[in-house]
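Secondary and tertiary structure notes
In case you want the letters, here they are:
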Amino acid sequence: LNIRDEFNITKAEQHCREAIRHEQKALRAKPEDAKTRQDLANRWGWLARVQILQKNWDGALESRRREEQLLDSLIAEDPQNVEYAIRHSWTTVGIARTLIEKGELQKAQALLGKALPEFDRKMHEVTGDARVAGSRIRLIEMLAKTEQIGNETVTAKTTKMTNTM
């Protein structure tokens, strides 16, 4: 997106929206096509990343929710599909990052706290796939980040209270 759109966020957003419209049109022509739904989910993820750069937290969350809905429908049809589960974990990390940026740390922690054991439950039989390990690590890293931010916030508040006494 950056190179094609000359590092212009407005152009990048337009490009993402055009890509979404293109995939939606393709999906209307073949609503049963799983690959098109997966591609559309990916385009919503692209848009969310641009919206984060724009500090449009609510827009980014809405885009991630649309991405999540598409992936949920794919997983419902094919629960053993590792690719869908991995992509869903990316969406979860994206939602958590947005919540953190928006200042909703507890929501991010709750989301990740629920997502990690769910991911482990779904992927317990998948061994030897580096993508699964990488996705699990991303979930753990993001959860650790929320805990670190939470600890820093508590420390800062305690220090401020101590200094004012």
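Every chain is numbered independently, its residues counted from 1 as its sequence is written. At least 70 in pLDDT is required for a residue's local features to be given in this predicted model, at least 80 for side-chain atom pairs to be given and counted, and no such filter applies to totals for whole chains, interfaces and linings, which use all residues. Excluded from the side-chain calculation are hydrogens and water; included are all heavy atoms of the structure.

Brief notes about the overall build of the protein chain
By definition, any uninterrupted DSSP run of H or I lasting at least four residues is a helix, any uninterrupted run of E lasting at least two residues is a strand, and each is numbered from the N terminus. Looking only at helices and strands, the protein chain has six helices and zero strands in total. Counting from the amino terminus, helix and strand elements in the protein chain follow one another as α-α-α-α-α-α. Of all 165 residues assigned to the protein chain, the portion counted as buried reaches 39%. Residue contacts are counted whenever heavy atoms from the two residues lie within 4.5 Å of one another. Long-range pairs, those at least 24 residues apart, make up 58% of the contacts in the protein chain between residues at least 6 apart in sequence. Classification of residues uses two cut-offs on accessible area relative to the type maximum, computed with a 1.4 Å probe and protein chains only: under 20% is buried, over 50% is exposed, and between them is partly exposed.

Things to note about helix α4 (residues 82-102)
Multiplying one less than the number of residues by 1.5 Å gives the expected span of a helix. An ideal rise of 1.5 Å per residue puts 30 Å on 21 residues; α4 measures up with 30 Å between its terminal C-alpha atoms. For α4, the tally of buried residues reaches 16 of 21 residues, placing the bulk of the element in the interior. Nitrogen and oxygen atoms within 3.5 Å of one another constitute a polar contact, given that in protein one can donate a hydrogen and the other can accept it, and given that sequence-neighbouring residues count only through two side-chain atoms. Among the residues of α4, the N-terminal cap falls to N81, whose side-chain oxygen and the backbone nitrogen of E83 are separated by 3.0 Å. Directly after α4, the chain includes G103, whose backbone phi takes a positive value near 90°.

Description of helix α5 (residues 105-123)
When the terminal C-alpha atoms of α5 are compared, their 26 Å separation across 19 residues agrees well with the 27 Å that a helix rising 1.5 Å per residue should span. Along α5, the positions that sit buried rather than exposed are L105, A108, L112, A115, L116, F119 and M123. All buried residues of α5 project into a common sector of 110° when viewed along the axis, lining one side. Opposite the packed face of α5, turned more than 90 degrees from it, sit the exposed residues Q106, K107, A110, K114 and R121. The reported arc concerns the directions from the helix axis to the C-beta atoms and nothing else.

Considerations on the pattern of salt bridges
Criterion for a salt bridge: a side-chain nitrogen of Lys or Arg within 4 Å of a carboxyl oxygen of Asp or Glu. According to the stated counting rule, one finds 13 salt bridges in the structure shown. Measuring nitrogen to oxygen at the nearest pair gives 2.8 Å for the salt bridge that ties E77 to R37. Of the two residues, E77 is situated in helix α3 (residues 57-77) and R37 in helix α2 (residues 34-53); the sequence distance between them amounts to 40 residues. Taking the relative accessible area as the measure of exposure, E77 reaches 54% and is therefore exposed.

Quick word on the nonpolar core
Only buried residues count toward a nonpolar core, which is a set of Ala, Val, Leu, Ile, Met, Phe, Trp, Tyr and Cys residues joined through side-chain atoms within 4.5 Å. Core analysis: the biggest nonpolar cluster contains 20 residues, and L112, M123, V132, L139 and M142 have the highest contact counts within it. Secondary structure elements with two or more residues in this core: α4, α5 and α6 (130-164). Sort the elements by how many residues they give to this core and α4 lands first, with eight residues. By size, the runner-up hydrophobic cluster in this structure holds 14 residues, among which are I20, L40, W44 and L74.

Description of the environment of R64
You can see R64 is positioned in helix α3. Residue classification places R64 among the buried residues on the basis of a relative accessible area of 9%. Separated by 20 residues in the primary sequence, R64 and W44 have C-alpha atoms spaced 6.5 Å apart. Not counting residues up to four positions away in its chain, the partners in contact with R64 are G45, A48, R49, W90, T91, G94 and I95.

Description of the side chain of Q38
With respect to the helices and strands, the residue Q38 is situated in helix α2. Excluding residues within four positions of it along the chain, Q38 makes contact with L74, E83, Y84 and R87.

What is shown is where atoms sit, not what they do.
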